[in-house]
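# A closer look at the structure
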Amino acid sequence: MRELKNAEIIAVGSELLTPHRLDTNSLFLTGRLNELGIVVRAKTVVGDNRHDLAALVTSAMTRADVLLTTGGLGPTDDDLTREVIADLLGVRLVEDQDLVASIEARFRLRGVKMPTINRRQAMVPEGARVVPNHHGTAPGLILEREGRVVALLPGPPRELQPMFDVLAEEVLLPRTAGRKVRRRQVKVTGRSESQVEEVAHPIYSCLGDDTTSVQTTILASPGLIELHLEAVGTDVAAVDRLLDSGVSALAQALGDVVFSTDGRSLEKVTGDLLRARGWRVAAAESCTGGGFLARMTDVPGSSAWVSGGLVAYSNQVKVRDLDVPAALIDAQGAVSEGVAVAMAQGARRRFGTDVAVGITGIAGPDGGTPEKPVGTVVVAVATDAVTVRTFRFPGDREAIRRHSTSAALDMLRRALL
Ligand code: ATP
């Protein structure tokens, strides 16, 4: 029997080629296939067009051990998947009487007579295995050709997802030779993607051994770089050792910009450090408008370490509610190290916390000057001592605000180490 190692996915539906609907089925299916040690080599989205679909299926059948299609199993003329695949595999479509009965029963349950066009959903390619649909009318269909598995699944996610369990358990799993996919993540803040890549590439390019290769993906977003390591093998302990050694090598080379190797977010890591110390935090935020505390309080249980904060957007509020000296704002400007420190100290006093954060900056698009261009952000962390840093973040307003909250979380994390 052919071992199943790789898959392709074809998402069928003209609506998926508009800006209004996104193909999410392939993301779900990719995740579940990976858990079985099956790698997705390609995926496509195609409209309800017989020739385009036939061409894609024909080409996928030359490569993939598993071909999954989603959608196009409905009762109307533009639902073509069933006919096209039966045609290509050279099998007839036969009406399945049990299916007719169960589709009729579904309609009866809703007090409606089954429309004649729904009989089409009871047409089964000869030799196909039928997977019942408990959330809709179109059943799933599984066929085999020269050891390759071809599964036709309906489009609606709530119908497709439970069907995948049946496909996985009964058809795919027995033919994966016990392979498992294992993953690790190394998360970095305060470095750009290219800086991380420069240090990490020499390490991950030689990860892996004779039997197992390690795939590495680098994912960048403002204030966060993630390195994902993935390996497939039958000896899970050996695969885990390989990945763990990769993680340690990367963590060591990258140093203290690595904040997590166990999947935790920056806000969770920082919250855990506060809890461990029994400390509480407050914040005074200007350009981030509360974004820092929004992220801190994303973590369940954060009431144990977050006291509160103030969005001090105008100078007037900075002076009136945080006791930032007006003369300091006049002398240094609202975006300055002196003001960020005064904001952090003001919040610490006002909320009576062990530590407080002050953030002030220019998120743009307006308000920049040659000395303080858009992206200039100052973050201060006040305990009994104070740390303060001025950053120049790239990107648009949203990116600058995200960079700012990440930098503030990271400075707080470092103050707690
Ligand atoms: P049914 O007859 O049960 O509707 P179908 O197989 O004909 O099943 P489609 O008509 O192609 O399914 O799609 C029905 C709906 O399912 C779409 O309007 C869309 O909301 C959702 N859907 C279809 N394909 C996808 C996809 N790839 N990702 C996410 N949602 C999808």
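One can find the structure itself at the top, above this paragraph.
Described below are features of the structure shown in this document.

Analysis parameters
- Within every chain, residues take consecutive numbers counted from 1 along the sequence as written.
- Per-residue local features are limited, in this predicted model, to residues with pLDDT of at least 70; the limit for side-chain atom pairs, both in listing and counting, is 80 or more; totals at the level of whole chains, interfaces and linings are taken over all residues.
- As a convention, hydrogens and water are excluded, and side-chain values are obtained from all of the structure's heavy atoms.
- To qualify as a helix, a DSSP run of H or I must reach at least 4 residues; to qualify as a strand, a run of E must reach at least 2; elements of each kind are numbered from the N terminus.
- In this description the radius of gyration comes from C-alpha coordinates, and the expected globular size is given by 2.2 Å times residues to the power 0.38.
- Classification of residues uses two cut-offs on accessible area relative to the type maximum, computed with a 1.4 Å probe and protein chains only: under 20% is buried, over 50% is exposed, and between them is partly exposed.
- Surface exposure here means Shrake-Rupley accessible area, sampled with a 1.4 Å probe, where a residue is shielded only by the protein chains that are shown.
- The sign given to each residue is positive for Lys and Arg and negative for Asp and Glu; His and the chain ends receive no count.
- To locate a charge, the coordinates of NZ of Lys, CZ of Arg, CG of Asp or CD of Glu are taken.
- Whether two residues touch is decided by their heavy atoms; if any such pair falls within 4.5 Å, the residues are in contact.
- Only the stretch in contact is used when a helix axis is fitted, and all axes are lines through C-alpha atoms; the angle between N-to-C directions ranges over 0 to 180 degrees.
- Oblique is the label for every angle not falling under 35 degrees (roughly parallel), over 145 degrees (roughly antiparallel), or within 65 to 115 degrees (roughly perpendicular).
- The handedness criterion is simple: a crossing whose near helix is rotated anticlockwise from the far helix by less than a right angle is left-handed, and one whose near helix is rotated clockwise is right-handed.
- Pairing of aromatic side chains here covers Phe, Tyr and the six-membered ring of Trp, requires ring centres within 6.5 Å, and sorts the geometry by plane angle: under 30 degrees stacked, over 60 edge-to-face, intermediate tilted.
- We call a residue near a molecule or strand when any one of its heavy atoms sits within 4 Å of it.
- The definition of a polar contact used here is a pair of N or O atoms within 3.5 Å, where within protein one atom must be able to donate a hydrogen and the other to accept one, and adjacent residues in sequence count solely through side-chain atom pairs.
- Under the convention adopted here, Pro, Cys and the residues Ala, Val, Leu, Ile, Met, Phe, Trp and Tyr are nonpolar, Asp, Glu, Lys and Arg are charged, and Gly plus all remaining residues are polar.
- Here the nonpolar core consists of buried residues drawn from Ala, Val, Leu, Ile, Met, Phe, Trp, Tyr and Cys, with membership extended through side-chain atoms lying within 4.5 Å.
- At least two DSSP bridges between two strands are needed for those strands to be called paired.

## Topic: the overall build of the chain
Of the regular secondary structure elements, the chain holds 13 helices and 17 strands. Relative to the globule expectation of 22 Å for 417 residues, the C-alpha radius of gyration of the chain, 28 Å, shows a markedly less compact shape. A buried classification covers 47% of the 417 residues belonging to the chain. Carbon and sulfur atoms make up 52% of the accessible area of the chain, which totals about 19600 Å². Charge-centre separation for the chain: the mean point of 48 positive side chains lies 4 Å from the mean point of 51 negative side chains.

## Side note on the side chain of threonine 405
Relative to the assigned elements, threonine 405 resides in helix 13 (residues 397–416). Residue class for threonine 405 comes out buried when judged on its relative accessible area of 4%. When sequence neighbours within four positions are dropped, the list of residues in contact with threonine 405 reads Thr288, Gly291, Phe292 and Arg295.

## So, the packing of helix 2 (residues 50–60) against helix 3 (residues 81–89)
Closest axis-to-axis distance for the helix 2/helix 3 pair is 10 Å, and the angle between their directions is 50°. In terms of their interaxial angle, helix 2 and helix 3 are classed as oblique. By crossing handedness, the relation of helix 2 to helix 3 is classed as right-handed. Between helix 2, through Arg50, Leu53, Ala54, Val57 and Thr58, and helix 3, the contact on the second element is made entirely by Thr81, Glu83, Val84, Ile85 and Leu88.

## Focus: the packing of aromatic side chains
Any aromatic ring pair is given by two values, namely how distant the centres are and how the planes are angled relative to each other. Evaluated as defined, the whole model comprises two aromatic pairs. Here phenylalanine 28 and phenylalanine 164 contribute two aromatic rings whose centre-to-centre distance is 6.2 Å and whose plane-to-plane angle is 85°, an arrangement assigned as edge-to-face. Taken together, the residues span a long stretch of sequence, with phenylalanine 28 in helix 1 (residues 25–35) and phenylalanine 164 in helix 5 (residues 157–172) at a distance of 136 residues. Between the aromatic rings of phenylalanine 391 and phenylalanine 393, the centroid separation amounts to 5.0 Å while the plane-to-plane angle is 15°, which identifies the pairing as stacked.

## Concerning the site of the ligand
Lining the immediate environment of the ligand, one finds 21 residues, of which Arg21, Asp23, Thr24, Leu73 and Gly74 sit closest. One of the backbone N or O atoms of threonine 24 is found 3.0 Å from a nitrogen atom in the ligand. Measuring from an oxygen atom of the ligand, one finds a side-chain N or O atom of glutamine 121 at 3.3 Å. Contact with the protein chains covers 79% of the free accessible surface of the ligand, which is 620 Å². Of all elements in the fold, only strand 1 (6–12) and helix 5 reach the threshold of two or more residues within the shell around the ligand. Residues of the shell around the ligand, tallied by class, amount to eight nonpolar, eight polar and five charged.

## Considerations on the packing of helix 10 (residues 315–322) against helix 12 (residues 337–351)
One way to put it is that helix 10 packs onto helix 12 with a least axis distance of 9 Å and a crossing angle of 40°. Classified by the angle their axes make, helix 10 and helix 12 are oblique. The two elements helix 10 and helix 12 meet at a crossing, and its hand is left-handed. From helix 10, Lys318, Asp321 and Leu322 reach across to helix 12, where they touch Val339, Ala342, Met343, Gly346, Ala347, Arg349 and Arg350. Residues belonging to the contact of helix 10 with helix 12 are distributed by class as follows: five nonpolar, one polar and four charged.

## Topic: the nonpolar core
In a soluble, globular protein the nonpolar side chains are often hidden away together inside. By size, the foremost hydrophobic cluster in this structure holds 29 residues, and its most contacted members are Phe292, Met296, Val357 and Leu412. Elements that contribute at least two residues to this core include exactly helix 8 (266–277), strand 13 (281–285), helix 9 (291–296), strand 15 (355–361), strand 16 (376–382) and helix 13. Counting residues per element, this core draws most heavily on helix 13, which supplies seven residues. When residues no more than four places from it in sequence are discounted, the contact partners of leucine 412 are Thr270, Leu274, Val281, Phe292, Met296, Val355, Val357 and Val381. Counting residues in each nonpolar core, the second largest holds 27 residues, with Ile10, Leu99, Val124 and Leu141 among its members.

## Describing the sheet that holds strand 14 (residues 306–311)
Pairing is mixed in the open sheet, where five strands are placed in the order 14-13-15-16-17. Only two strands of the sheet have a single neighbouring strand rather than two, namely strand 14 and strand 17 (386–392). Looking at each pair of strands side by side, their axes are set apart by 15° on average, direction ignored. Judged from the six bridges that link them, strand 15 and strand 16 form a sheet pairing that is antiparallel. By the bridge assignment for strand 16, threonine 360 is matched with valine 378. Here helix 12 sits on the sheet in contact with strand 13, strand 14, strand 15, strand 16 and strand 17, set at roughly 145° to strand 15.

## Looking at unusual backbone geometry
Residue proline 365 follows glycine 364 across a cis peptide bond; omega there is 5°. Along the chain, proline 365 turns up in the loop between strand 15 and strand 16. One non-glycine residue, aspartate 323, adopts positive backbone phi at about 60°. Mapping aspartate 323 onto the fold places it in the loop between helix 10 and helix 11 (326–332). For aspartate 323, a relative accessible area of 53% gives the class exposed.

## Describing the environment of alanine 122
Mapping alanine 122 onto the fold places it in the loop between helix 4 (97–109) and strand 5 (123–125). Assessed through its relative accessible area of 0%, alanine 122 is described here as buried. Spatially, the C-alpha atoms of alanine 122 and glycine 147 are 25 Å apart, while their sequence positions differ by 25 residues. When residues no more than four places from it in sequence are discounted, the contact partners of alanine 122 are Val94, Glu95, Asp96, Leu99, Val100 and Ile103.

## What to know about the sheet that holds strand 8 (residues 148–153)
Overall, mixed pairing links the six strands, which are arranged 2-1-3-8-7-6 in an open sheet. Only two strands of the sheet have a single neighbouring strand rather than two, namely strand 2 (39–46) and strand 6 (129–131). Taken over all neighbouring pairs, the strand axes of this sheet differ in orientation by 15° on average, direction set aside. When strand 7 (residues 140–145) meets strand 8, the two strands line up antiparallel, connected through five bridges. In the strand pairing of strand 8, glutamate 144 is matched with valine 149. Contacting strand 1, strand 2 and strand 3 (66–70), helix 2 crosses the sheet at an angle of about 175° to strand 1. Its contacts with the sheet put helix 5 on strand 3, strand 6, strand 7 and strand 8, and the angle it makes with strand 8 is roughly 160°.

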